[in-house]
Amino acid sequence: MIEVKSLVKIFADGKNAGVKAVDRVSFNVEEGRFYTLLGPSGCGKTTTLRCIAGLEKADEGEIIVAGEKVYSASDRTFVPAYRRPIGMVFQSYAIWPHMTVFENVAFPLRVGKQKVSHDEIRKKVMTAIEQVELGGYEDRMATQLSGGQQQRLALARALVREPKVLLLDEPLSNLDAKLRERMRVELRELQRRLGITTLYVTHDQIEALSMSNVIAVMSAGVTVQEGTPREIYLQPRSKFVAQFIGSTNQISGQVINQASDGTGTVRTDEGEISCGILSDLRTGDKVVVVVRPESIVLHQRKPSHGDNVLEGKIGAAMFLGEYVDCTIELGKNVLETHQPHSLRVRRGDSVWVELPPTDCMALPAEQ
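Here the structure is a predicted model, which means the values were calculated and not measured.

## What to know about the state of the cysteines
The term disulfide refers to a covalent linkage connecting the sulfur atoms of a pair of cysteines. Summed over the entire model, instances satisfying the criterion amount to 0 disulfides. Unpaired in terms of disulfides, Cys360 finds its nearest cysteine sulfur in Cys275, a separation of 6.5 Å.

Structure, rendered in structure tokens:
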């Protein structure tokens, strides 16, 4: 439904002159899927989205939306934004404050190049309003809506033209934490119900993990990893992804052996650790072993068996209701771990941490 091939965007003027904001980015979004571009500010995700929307003109590559070539550097194709089969919701919503809900949703139809009859406008607008569950609010002024209702209004306006693809640029970032959590669920359910192909841009890892079918993590204008939320979180392929997606512990070491099944052993200051090994690593390479806080098993007595069992002591323990946040001092390393709220430990207590080999991954140290 969306095909992006070797896309390049270079800012030629202004304060970003000469910056390659997007550097040969390629990806495919299948029909009906929720695909997210995730990364920190300045990574190129919004610029990529704007190129797809036609709000920026790329310098190289090709973009195909719903089978239609909307941009190609090779044959100089450039379809203007209003002719692309897309609907877009901006971070600011861009709602007209002096218009009613109905007038806001009808605006794209009234100013569009294609003439639409009065009756057809009303039919399309009311359908879009009902889709986002704003029925009964059509005569209310846009400024009288809550933050969540304004977000749904922006969605209705994007959907009223019956686009093949929905583009969302950080649409929840202006909402408070509780409303943002609720709107994540509502937006995902709306997308599922409509079956509309969606490209979503965000810097929020929780949004990406909870809403997406596929995530592409971006850094410095390139895609560094693409996969399902579970793959991105549990199987990061670089230090950047491991650090950016959630919390992670890192222990430096060196690969001392590898097996054909993608596992191996890393020598660290705390002892040898069995873990997964990326296929492009070699014996002798310097690495960091990453393990998530929730994967660590904490023992108050030395276990009689188990792999990757290391002795340490409690550095701090904070009761956070759902779990106890513990820091464990292991010689030169300090690990963060989330343990059941029933755990009772104090600073300085001796403990043993078990790092399950299946939850540990060795990644290149230099990335």
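That shown, we press on.
## Notes on the pairing of strand β4 (residues 60-65)
Of all 6 residues making up β4, 5 are buried, and the element is well covered by its neighbours. Here 5 bridges tie strand β1 (residues 2-11) to β4, and the two strands are oriented antiparallel to one another. Note that in β4 the partner of Lys5 across the bridge is Glu62. Pairing of β4 with strand β5 (residues 68-72), which is carried by 4 bridges, proceeds in the antiparallel orientation. By the bridge assignment for β5, Val65 is matched with Glu68.

## Concerning the packing of aromatic side chains
The description of two aromatic rings rests on the distance between their centres and on the angle between their planes. Counted according to the given criterion, the structure contains 4 aromatic pairs. With 5.5 Å between their ring centres and 55° between their planes, Trp96 and Phe107 make a pair best called tilted. A residue pair is termed long-range when its members are at least 10 positions apart, and Trp96 in the loop between β7 (86-89) and α2 (101-111) and Phe107 in helix α2 qualify at 11 residues. Using a relative accessible area of 27% as the deciding quantity, one classes Phe107 as partly exposed. Relative to Phe244, the ring of Phe240 has its centre 5.7 Å away and its plane inclined at 5°; by these criteria the two rings are stacked.

## Section: the nonpolar core
Ranked by internal contacts, the top residues of the largest apolar core, which has 36 residues, are Val105, Val125, Leu153 and Leu155. Aside from chain neighbours lying at most four places away, what touches Val125 is Phe102, Val105, Ala106, Leu109 and Val160.

## A short note on the sheet that holds strand β6 (residues 77-78)
If you walk across this open sheet you meet the 5 strands as β2-β1-β4-β5-β6, and the pairing is antiparallel. Strands at the two margins of the open sheet, each flanked by one partner only, are β2 (19-29) and β6. Judged from the 8 bridges that link them, β1 and β2 form a sheet pairing that is antiparallel. Among the inter-strand pairings, Val4 is bridged to a residue of β2, identified as Phe27. Lying over the sheet, helix α1 (residues 45-53) contacts β1, β2 and β4, oriented at roughly 115° with respect to β1.

Conventions used here
- Residues numbered from 1 in each chain as written.
- Predicted model: local features only at pLDDT ≥ 70, side-chain atom pairs only at ≥ 80, totals over all residues.
- Heavy atoms only, no water.
- Disulfide = S-S within 2.5 Å.
- Buried < 20%, exposed > 50% of the residue type's maximum accessible area, 1.4 Å probe, protein only.
- Helix = DSSP H or I, 4+ residues; strand = E, 2+ residues; numbered from the N terminus.
- Pairing = 2+ DSSP bridges.
- Phe/Tyr/Trp six-rings, centres within 6.5 Å; stacked < 30°, edge-to-face > 60°.
- Core = buried A, V, L, I, M, F, W, Y, C linked by side-chain atoms within 4.5 Å.
- Contact = heavy atoms within 4.5 Å.
- Axes fitted to C-alpha atoms, helices over the stretch in contact; angles between N-to-C directions.

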